[in-house]
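Structural features, examined
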Amino acid sequence: MRGVIMHGPGDVRVEERVDPRIQEPTDAVIKIVATCVCGSDLWPYRGADTPDQQLMGHEYVGVVEQIGAEVRTLRPGDHVVGSFVVSDNTCSICAAGYQSRCVNGIFVDGGIGTQAEYARIPYADGTLVATPGRPDEDMVPSLLAASDVLGTGWFAAVTSEAGPGRPVAVVGDGAVGLMAILAARQLGAETIIAMSRHGARQELAREFGATEIVEERGDDGVERVKELTDGLGAYSVIEAVGSQESMMQAIRSTRPGGRVGYVGVSHDVELPGAELFFGLVHLHGGPAPVRRFLPDLIQLIWDRKIDPGKVFDRTMPLAQAAEAYDAMDKRMAVKVLLQP
Ligand SMILES: [Zn+2]
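The structure displayed is predicted, hence computed values, not measured ones. (Residues numbered from 1 in each chain as written. Predicted model: local features only at pLDDT ≥ 70, side-chain atom pairs only at ≥ 80, totals over all residues.)

1. Brief notes about the nonpolar core
- Grouped together as the largest cluster of nonpolar side chains are 110 residues, with contacts concentrated most on Val168, Val170, Met179, Ala180, Ile181 and Ile193.
- Counting residues per element, this core draws most heavily on helix α7 (residues 175-186), at 9 residues.
- Residues from two domains meet in this core; each of domain 1 (2-148 + 289-339) and domain 2 (151-285) gives at least three. (Core = buried A, V, L, I, M, F, W, Y, C linked by C-beta atoms within 7 Å. Buried ≥ 20, exposed ≤ 12 C-beta atoms within 10 Å, placed from the backbone. Helix = DSSP H or I, 4+ residues; strand = E, 2+ residues; numbered from the N terminus. Domains from an automatic or database assignment.)

Given below as structure tokens:
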């Protein structure tokens, strides 16, 4: 089969890979229907990590081709969405809702790589969720979004307790930030401040539910958020970048007693203790346990109550993956869907 391999920063190639096959009785092999490039793929692409022959891709919608002898909830032919971390969904950590740190967890990126024609998914029962039937073609992008960016934005909104009467601020206007806006809206927040200085993304942010746009960054951005929230700061703040600047902007935009949900993959972030101590804010985040939310998100999409697929502004064949990475790296695309 063909699949995407990152040989080094900026060096993405579509190459022949070994066809996946069932290795454990709890495995499934799926045919990938749609996959995409993630903002987090840009960290190694830009040289912040050191990729070496890395199998890329962790977002996927597929059709089950084969199942191992112990797979109970899936049948060949089922359409499935999976999370970007493999989970058994039975251990104590999973039972508590933190499947992204399952004791048997495996990151799909690197270990499996779903920017490919097929993928072997371990712990298929615990990782994959079948859709109620064969999805209409126009629904596939939304289901694909559920696999990571929607699930991650949703986690950030839930963990920051976005809801009625609690102003929200979102730091980061990539796909996850935009999905967090959609989630906050669904959870009932009335005031949603999007921090963005990019015209097309501001428009999408408004479409997904943002009520205010703040273009300023750093301390100026914090001041603007305070002006919009009676001088207090937002109650729910979502951090969807992962840099020192964005993390501090998020913490400083939060009112005492408020909550930061941080889901941008952290890179060289160091938090000043004294400021944390006197800030009196809750911090909770990390790799989102998307599996916790998948059944509900699939149903919302299936019932056409949400349309997160609008976050994809380009579609390309898998063979053009290098172009897709380049477009996202240069911010010419918010998110590129790849068709194997
Ligand atoms: Zn588990």
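Moving on, there is more to tell.
2. Some remarks on the UniProt feature "domain: Enoyl reductase (ER)" (unreviewed entry) in the chain
- In the numbering adopted here, UniProt assigns the feature "domain: Enoyl reductase (ER)" (unreviewed entry) to residues 8-338.
- Taken end to end, residues 8-338 is 31% helix and 24% strand, and its first and last C-alpha atoms sit 21 Å apart. (UniProt positions renumbered as here; feature names shortened; annotations may be inferred.)

3. Comments concerning the environment of Met1
- Inspection of the secondary structure puts Met1 in the segment before β1 (2-8).
- With 117 residues separating them in the primary sequence, Met1 and Tyr118 have C-alpha atoms 7.2 Å apart.
- Contacts of Met1, omitting those with residues within four sequence positions, involve Arg17, Asp19, Ala116, Glu117 and Tyr118. (Contact = placed C-beta atoms within 7 Å.)

4. Considering helix α13 (residues 321-329)
- Those residues of α13 that sit buried are Ala321, Ala324, Tyr325 and Met328. Projected down its long axis, α13 carries its buried residues within an arc of 100°, all on one side.
- Summarising the contacts, the buried residues of α13 are in contact with β1, β2 (11-16), α1 (42-45), β17 (314-317) and β18 (336-339). (Arc of directions from axis to C-beta.)

5. Description of the domain arrangement of the chain
- Segmentation of the chain into domains returns domain 1 (2-148 + 289-339) and domain 2 (151-285).
- Measuring from the centre of the C-alpha atoms in domain 1 to the corresponding centre in domain 2 gives 26 Å.
- At the junction of the two partners, domain 1 supplies 20 residues and domain 2 supplies 16 residues.
- Listing elements by their share of the side of domain 1 that touches domain 2, those giving two or more residues are α5 (140-146) and α12 (290-302).

6. Structural notes on helix α6 (residues 149-159)
- Burial analysis of α6 places 11 of its 11 residues in the buried class, the great majority of the element.
- Of the residues flanking the end of α6, it is Glu161, one or two places downstream, whose phi is positive at about 60°.

7. Things to note about the sheet that holds strand β12 (residues 192-195)
- Strand order in this open sheet of 6 strands is β13-β12-β11-β14-β15-β16, and the pairing throughout is parallel. Looking at which strands have only one partner, the edges of the open sheet turn out to be β13 (212-214) and β16 (282-285). Averaged over all pairs of adjacent strands, the angle between strand axes in this sheet comes to 20°, irrespective of strand direction.
- Sheet analysis places strand β15 (residues 254-262) next to β16, joined by 4 bridges and oriented parallel. (Pairing = 2+ DSSP bridges. Axes fitted to C-alpha atoms, helices over the stretch in contact; angles between N-to-C directions.)

8. A word on the packing of helix α9 (residues 218-227) against helix α10 (residues 244-252)
- In the contact formed by α9 and α10, the axes pass within 9 Å of each other and the chain directions differ by 25°. Considering their axes alone, α9 and α10 lie roughly parallel with respect to each other. Two packed elements cross with a definite hand, and for α9 against α10 that hand is right-handed. Seen from α9, the contacting residues are Gly218, Gly221 and Val222; seen from α10, they are Glu245, Gln249 and Arg252.
- The residue makeup of the contact of α9 with α10, split by class, is 1 nonpolar, 3 polar and 2 charged. (Parallel < 35°, antiparallel > 145°, perpendicular 65-115°, else oblique. Left-handed = near helix turned anticlockwise from the far one by under 90°. Nonpolar A, V, L, I, M, F, W, Y, C, P; charged D, E, K, R; others polar.)

9. With respect to the environment of Arg17
- Take Arg17: it is sitting in the loop between β2 and β3 (28-36).
- Arg17 sits in the partly exposed class, given 16 other C-beta atoms within 10 Å.
- In sequence terms Arg17 and Arg101 are 84 residues apart; their C-alpha atoms lie 28 Å from each other.
- When neighbours within four sequence positions are excluded, Arg17 is seen to be in contact with Met1, Gly3 and Ala116.

10. Notes on the sheet that holds strand β4 (residues 54-55)
- The strand order across the open sheet formed by 3 strands is β2-β1-β4, and the pairing between neighbours is antiparallel. Only two strands of the sheet have a single neighbouring strand rather than two, namely β2 and β4.
- Relative to β4, β1 runs antiparallel, the two sharing 2 bridges. Looking across to β4, one finds that Met6 is bridged to Gln54.
- Packed on one face of the sheet, α13 meets β1 and β2 and runs near 155° to β2.

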